[in-house]
Amino acid sequence: MARYFDVHPDNPQPRLISQVVDTLNADGLIAYPTDSCYALGCRLGNKEGIDRIREIRDLDSEHHFTLVCRDFAQFGQFVLVNNALFRLIKAATPGGYTFILPATKEVPRRLLHPRKKTVGVRIPDHVVTQALLAELGEPLLSSTLLLPDEAEPMTQGWEIKERLDHVVDAVIDSGECGATPTTVVDCSQGEPVILRRGTGDPSLFE
């Protein structure tokens with residue numbers, strides 16, 4: 001059964017955040033809120049967690065996983081960004097965007113797109129997510145919590161606990177989360193290309 005954490009949306013309780021991070025460090029899989037919608041998350045080195053995300057979401061090998069980063073210092077360890085793109089991305093973050101970029105050697109091979117050697121990366125504007133990332137000290141490997149054959153993600157922590165109780169290890173509830181995923185911008189070829197329109201204003205990259 002998944003542990004259920006009722007976390008304050010504006011002042012996350014350090015004790016609860018620490019307990020969630022303990023779950024992650026023990027190779028657990030969590031469902032957590034972001035500034036776009038709920039996501040599934042685990043540590044980068046958690047191979048079983050990655051496999052569980054693939055199974056829950058029925059993902060193929062070409063799915064882009066996302067590294068959810070605390071800040072640009074962390075962001076820069078895992079992806080390659082030229083100066084022009086860096087300025088564009090910096091102007092749009094933190095916020096509801098996921099950027100597809102060439103990965104550095106810090107990213108485990110199994111997380112990369114098999115042909116392009118790219119990975120998704122984002123910096124969220126969400127108090128609870130940021131508290132989690134600060135305590136964890138590394139990015140969260142994540143994927144939108146959108147179940148197969150469902151058009152929209154779940155928005156309520158209690159509903160996620162009910163539905164995924166036996167396939168995740170913890171659920172964070174900090175109030176209703178949005179149902180719109182991030183805007184995805186492919187920057188891997190130098191010029192930004194919008195792959196999905198979502199919470200982030202796409203006009204910044206058109």
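As a reminder, the structure under discussion sits directly above these lines.
Caption draft 1: Inspection of the sheet that holds strand E9 (residues 183-186) at higher detail. The strand order E1-E8-E2-E3-E7-E4-E6-E5-E9-E10 describes an open sheet built from 10 strands, whose pairing is mixed. Two strands in the sheet have a free side with no partner beyond their single neighbour: strand E1 (3-6) and strand E10 (193-196). Between one strand and the next, the sheet's axes are offset by a mean angle of 30°, whatever the strand orientation. As paired elements, strand E4 (residues 66-68) and strand E7 (residues 140-144) share 3 bridges and run antiparallel to each other. What sits directly across from Val68, in E7, is Leu140. The sheet contacts of helix H6 (residues 157-164) involve E1, strand E2 (30-32) and strand E8 (170-173), and relative to E8 the element is tilted by about 165°.

Caption draft 2: Summary view of the layout of surface pockets. Of the pockets and cavities examined, the largest pocket occupies roughly 390 Å³. Lining the largest pocket are 25 residues; nearest its centre among them are Thr66, Thr144, Thr182, Val184 and Arg196. Taken together, the elements giving at least two residues each to the lining of the largest pocket come down to E4, strand E5 (97-102), strand E6 (118-122), E7 and E10. Take the lining of the largest pocket: its biggest share by element is 3 residues, from E7.

Caption draft 3: Structural view of the pattern of salt bridges. Across all of its chains, the model carries 8 salt bridges by this definition. Of the charged contacts, one joins Arg43 and Glu138 as a salt bridge, the two residues approaching to 3.5 Å between their closest N and O atoms. One end of the pair, Arg43, is in the loop between strand E3 (39-42) and helix H2 (47-57); the other, Glu138, is in the loop between helix H5 (127-136) and E7, and 95 residues separate them in sequence. For Arg43, a relative accessible area of 23% puts it in the partly exposed group. With a shortest N-O distance of 2.5 Å, Glu206 and Arg197 are connected by a salt bridge. Per residue, the accessibility class of Glu206 equals that of Arg197, and both read exposed.

Caption draft 4: Structural view of the environment of His64. You can see His64 is positioned in the loop between H2 and E4. In this structure the C-alpha to C-alpha distance between His64 and His113, which are 49 residues apart in sequence, comes to 6.1 Å. If sequence neighbours within four positions are ignored, His64 has contacts with Ile100, His113, Thr118, Val119 and Gly120. Polar contacts involving the side chain of His64 include one to the side chain of Thr118, which spans 2.7 Å.

Definitions and limits used
Within any chain, residue numbers begin from 1 and follow the written order of that chain's sequence. Side-chain atom pairs in this predicted model are given and counted only at pLDDT of 80 or more, local residue features only at pLDDT of at least 70, and totals for whole chains, interfaces and linings cover all residues. Just so you know, side-chain values use all the structure's heavy atoms and leave hydrogens and water out. Here, a strand pair is defined by DSSP locating no fewer than two bridges between the strands. In this description a helix means any DSSP run of H or I spanning at least four residues, a strand means any run of E spanning at least two, and both kinds are numbered starting from the N terminus. Angles run from 0 to 180 degrees between N-to-C directions of axes, and those axes are lines fitted to C-alpha atoms, restricted for helices to the stretch in contact. We call two residues contacting when some pair of their heavy atoms lies within 4.5 Å. Every definition here rests on a 1 Å grid over the protein atoms only: cavities are sets of points where a 1.4 Å probe fits but cannot get out, pockets are open sets enclosed by protein on both sides within 12 Å along at least five of seven lines, and lining residues have some atom within 4 Å of a point. Grid points are joined across faces, edges and corners, and a volume is the space filled by probe spheres set on the points. When a carboxyl oxygen of Asp or Glu is within 4 Å of a side-chain nitrogen of Lys or Arg, the pair counts as a salt bridge. The rule is simple: take the accessible area with a 1.4 Å probe, protein chains only, and divide by the maximum for that residue type; under 20% is buried, over 50% is exposed, in between is partly exposed. Here a polar contact means two N or O atoms within 3.5 Å. Within protein one must be a hydrogen donor candidate and the other an acceptor candidate, and residues neighboring in sequence count only if both atoms are side-chain atoms.

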